[in-house]
Amino acid sequence: MTVADPDPRTEDDPVEVVVATIARSAVEIRQGLVGRRSDADQENPSGETQVEADVWADELLADRLTSIDGVAQYASEERSEIIDCEDEAYCVAVDPLDGSSNLKSNNTMGTVFGIYDEPLPAPGSALVAAGFVLYGPITTMAYARDGTVTKYELTGGERSVVEEDVTLPDDPLVYGFGGRVPHWSDDFREYVREIESNPDHKLRYGGAMIGDVNQVLTYGGIFAYPALEDSPRGKLRLQFEGNPIAYVIESAGGRSSDGTQSILEIDPEIVHERVPLHVGNTDLIERLESALA
Ligand SMILES: O=P(O)(O)OC[C@H]1O[C@](O)(COP(=O)(O)O)[C@@H](O)[C@@H]1O
Ligand SMILES: [Mg+2]
Ligand SMILES: [Mg+2]
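Everything quoted here is computed from the prediction, not taken from an experiment. (Residues numbered from 1 in each chain as written. Chains lettered and ligands numbered in written order. Predicted model: local features only at pLDDT ≥ 70, side-chain atom pairs only at ≥ 80, totals over all residues. Heavy atoms only, no water.)

1. Some points on the coordination of the magnesium ion (ligand 3)
Donor atoms from the polypeptide that bind the magnesium ion (ligand 3) are Glu77 (OE), Asp95 (OD) and Leu97 (O), placed at 2.2 to 2.4 Å. Each donor residue of the magnesium ion (ligand 3) belongs to the same chain, and together they define the spacing E-x17-D-x1-L. Taken as an interatomic distance, the gap from the magnesium ion (ligand 3) to the magnesium ion (ligand 2) is 3.7 Å; aspartate 95 donates to each of them. Here the residue glutamate 77 occupies a position in the loop between β4 (71-76) and β5 (83-84), and leucine 97 occupies one in strand β6 (residues 90-98), the gap between them amounting to 20 residues. (Donors = N, O, S within 2.8 Å, 3.2 Å for Na, K, Ca; no water. Helix = DSSP H or I, 4+ residues; strand = E, 2+ residues; numbered from the N terminus.)

In structure tokens form, the structure reads like this:
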């Protein structure tokens, strides 16, 4: 089934217009990666060196999303300030390119988005929709709203449904854990040993959260970028990465955790704050929480 993306000039649900705009832009973003793989010689608010494509994709999405009626704010991992629009209603937070360090080696990356109905920074409980685009061998989107997740394939301007009511498979298969192993806590290391020693589990780690999370969504399992000894809040950002991914995985019947509670329950203080992120099948996340308790 192919979804006719709503025409932004006639559609009256801003959430659907935002999602359709991101779906259309993704095809262009993918094309625009060519020739934009070098460092941009500047840092993002998290202190990471940006590549040219990070800056370019952020500007493209900022332009398009802030011109949608009903969008009140645009915030991105790649800019310090939130853009305030004249409209009210929805606040959009994006990671324009997740895993952009994979560009150099031409490996998987993504675009992550969360649509909140409260001003940013907002808790995950204020999300009305969230999702991500994956730039793999083909371009796909996973989109969660109203407790269900839909997967699409994106081709020049069209969104084709490949799966509706996506749920995590019951028997977890894959695991991937970020951060340097010497910087993991002893409790986390112990938990990883337990996961690895299960003969039904196999390692899948690609260095881009979206690629790794999409494997968990497809095969079941767990992805984590945990708290580290030299970075107690981990690496990933709550507004742009943690909340949207937690929303998708929880909508698909899984769980998210910062180690003690659902990521969606965290009250944020600042827009660029980080969060230890663990997402996957419910039983694996429950086991993780008891291992870290
Ligand atoms: O290579 P590192 O530093 O361990 O980090 C890998 C993680 O960092 C990220 O690349 C952070 O996202 P950005 O590329 O959007 O900054 C994740 O996608 C990935 O899980
Ligand atoms: Mg990211
Ligand atoms: Mg990014």
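2. Topic: the coordination of the magnesium ion (ligand 2)
Tetrahedral coordination by four donors sets the ideal angle at the metal to 109.5 degrees; octahedral coordination by six donors sets it to 90 or 180 degrees. Distances from the magnesium ion (ligand 2) to its protein donors, namely Asp95 (OD), Asp98 (OD) and Glu241 (OE), fall within the range 1.8 to 2.1 Å. Here the donor residues for the magnesium ion (ligand 2) map to a single chain with the spacing D-x2-D-x142-E.

3. Some details on the site of ligand 1
Around ligand 1, a shell composed of 17 residues is seen, among which Glu77, Asp98, Gly99, Met209 and Lys235 lie nearest. In this structure, glutamate 77 approaches ligand 1 through a side-chain N or O atom, which is 2.8 Å from an oxygen atom. Residue glycine 99 places a main-chain N or O atom 2.7 Å away from an oxygen atom belonging to ligand 1. Within the complex, 81% of the 470 Å² of free accessible area of ligand 1 lies under protein. (Near = heavy atom within 4 Å. Polar contact = N/O pair within 3.5 Å; in protein donor to acceptor, adjacent residues only side chain to side chain. Areas by Shrake-Rupley, 256 points an atom, 1.4 Å probe, with all protein chains shown as cover.)

4. Looking at the UniProt feature "binding site: Mg(2+) 2" (unreviewed entry) in the protein
If you check UniProt for "binding site: Mg(2+) 2" (unreviewed entry), the listed places come out as Asp95, Asp98 and Glu241 in our numbering. On the basis of their most widely separated C-alpha atoms, the annotated residues across 147 residues gather in one place, lying no more than 8.3 Å apart. As for the largest pocket, its lining draws on Asp98 and Glu241 from among the annotated residues. Relative to the helices and strands, aspartate 98 is located in strand β6. (UniProt positions renumbered as here; feature names shortened; annotations may be inferred. 1 Å grid on protein atoms, 1.4 Å probe; cavity = no way out; pocket = protein on both sides within 12 Å on 5 of 7 lines; lining within 4 Å.)

5. Side note on the side chain of serine 262
Assignment of secondary structure puts serine 262 in the loop between β15 (255-257) and β16 (277-280). Here serine 256 takes part through its side chain, which lies 3.5 Å from a polar atom of the side chain of serine 262.

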